[in-house]
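# Tertiary structure, described
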Amino acid sequence: MRIDAHQHFWAYDPVAYPWISEAMPELQKDRLPTDLSPLLKKEGMDGCVAVQARQSLSETDFLLRLAEEYPFIKGVVGWVDLQAPDVAQTLEHYQNNSLLKGMRHIVQDEPDDEFLLRPDFLRGVQKLGQQGYTYDILVFERHLPVVQKFLDACPDQPFVLDHLGKPVIEGGPSPLWTDHIRSIATHPNVYCKLSGLVTEADWNNWQREDFYPFLDIAMEAFGPERLMIGSDWPVCLLAADSYHETMNVVHTYLRQYAPEAQPAILGATATKFYQLN
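These figures come from a predicted structure and were not determined experimentally. (Residues numbered from 1 in each chain as written. Predicted model: local features only at pLDDT ≥ 70, side-chain atom pairs only at ≥ 80, totals over all residues. Heavy atoms only, no water.)

## Quick word on the overall build of the chain
- In terms of helices and strands, the chain carries 9 helices and 8 strands.
- Taking 2.2 N^0.38 as the reference for a compact globule, 277 residues should give roughly 19 Å; the C-alpha atoms of the chain span a radius of gyration of 17 Å, in line with that estimate.
- Viewed in the frame of its principal axes, the chain has a C-alpha envelope of about 50 × 40 × 40 Å.
- For the chain, the computed accessible surface area is about 11,500 Å², with 50% contributed by carbon and sulfur atoms. (Helix = DSSP H or I, 4+ residues; strand = E, 2+ residues; numbered from the N terminus. Rg over C-alpha atoms; globule rule 2.2 N^0.38 Å. Areas by Shrake-Rupley, 256 points an atom, 1.4 Å probe, with all protein chains shown as cover.)

Next up, the structure:
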């Protein structure tokens, strides 16, 4: 299967999605499976992984209902309160739903840059692997030193780093990002998504080649067997004219520089990591 390993759905509500500001009119509308399905088909993708965009159990339940209705949604990355004392019981509640593959917390928006290291949060994350769930790490480049400590505390948990750790694209790979990506990749339980890069660049002034030095380092560090493509649709539309333009960044790079890596990055890695049917 060819899999878009990272995208979102929502029925737009300004109260439920406060991060969608007036500067983001492209996102201030419903974005649902009927919108994405033709885009996937046109791009030659067989399915997708739907990822949470708000922090509530109702978001997890919403995405699971969509996945049950639309078979091209192969898996869901949801949200539970990993700091709650009863997190184990909450995870148990979802055990019979095989469409729920993992969890994510929007750590990038937490005011505490060391949020990942909070004891209650660590305990919650450590319970995920025990019940067969993955965890998506969503952080900015500045958080990567903390991610290192986080990984050391959870050596057996399957992780995937969203959006290549959200590097600052302008000026090329920084020493901080480069060094930490290489170090993070030494953990065999950590995978990485080639996604969300266009929104880390100048939204109105980027070209595909701007991202290639970052993709070079990711390929060298993780190898194709731990890399997966993702669109970050519809958020990508803030910086790209279309779904195709976003996906074409990685597609073109692979065709030109690593054609042998296409089967893994375009689907096999995501299928393995998320145990997709």
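Now that the structure is up, let's keep going.
## Some words on the packing of aromatic side chains
- In this structure the tally under the stated criterion is 17 aromatic pairs.
- A ring pair is formed by Trp10 and Tyr17, whose centres lie 5.7 Å apart and whose planes are at 45°; its orientation type is tilted.
- Ring centres 5.4 Å apart and planes at 65° place the aromatic pair Trp206 and Phe211 in the edge-to-face group. Both residues of the pair, Trp206 and Phe211, count as buried.
- Chaining the aromatic ring pairs together yields one cluster made of Phe115, Phe121, Tyr135, Phe150 and Phe159. (Phe/Tyr/Trp six-rings, centres within 6.5 Å; stacked < 30°, edge-to-face > 60°. Buried < 20%, exposed > 50% of the residue type's maximum accessible area, 1.4 Å probe, protein only.)

## Notes on the sheet that holds strand 1 (residues 3-7)
- Read from one edge to the other, the open sheet built from 8 strands follows the order 1-2-3-4-5-6-7-8, with strand pairing classed as parallel. What marks the edges here is a single partner per strand, and that holds for strand 1 and strand 8 (227-229). Sheet twist, expressed as the mean angle between neighbouring strand axes with direction ignored, is 25°.
- Bridge count between strand 4 (residues 100-105) and strand 5 (residues 134-137): 4 bridges; the pairing is parallel. Bridge assignment links His105 to a residue of strand 5, and that residue is Ile137.
- In this fold helix 7 (residues 212-222) packs onto strand 7 (190-194) and strand 8, with an angle of close to 155° to the strand it touches most, strand 7.
- Most of the contacts of helix 8 (residues 243-257) go to strand 8, to which it runs at about 155°, and overall it touches strand 1, strand 7 and strand 8. (Pairing = 2+ DSSP bridges. Axes fitted to C-alpha atoms, helices over the stretch in contact; angles between N-to-C directions. Contact = heavy atoms within 4.5 Å.)

## Observations regarding the side chain of Thr178
- Looking at the secondary structure, you find Thr178 in helix 6 (residues 175-184).
- With near-sequence residues (within four places) excluded, Thr178 lies in contact with Pro173 and Ile217.

## A short note on helix 4 (residues 119-130)
- Compared with the 16 Å implied by 1.5 Å per residue over 12 residues, the 17 Å span of helix 4 between its first and last C-alpha is a close match.
- Turning to helix 4, its buried residues number three or more, namely Phe121, Leu122, Gly124, Val125 and Leu128. Taken down its axis, helix 4 places every buried residue within 160° of arc, on the same side. Opposite the packed face of helix 4, turned more than 90 degrees from it, sit the exposed residues Pro119 and Gln130.
- Following helix 4 by one or two positions, Gly132 adopts a phi angle in the positive range, close to 85°. (Expected span 1.5 Å × (residues − 1). Arc of directions from axis to C-beta.)

## Side note on the nonpolar core
- Core analysis: the largest hydrophobic core is formed by 80 residues, its most contacted members being Phe9, Tyr135 and Phe150.
- The greatest single-element share of this core, amounting to 8 residues, is contributed by helix 7.
- Listed in part, the 12 residues of the second largest apolar core include Ala5, Tyr191, Ala270 and Leu276. (Core = buried A, V, L, I, M, F, W, Y, C linked by side-chain atoms within 4.5 Å.)

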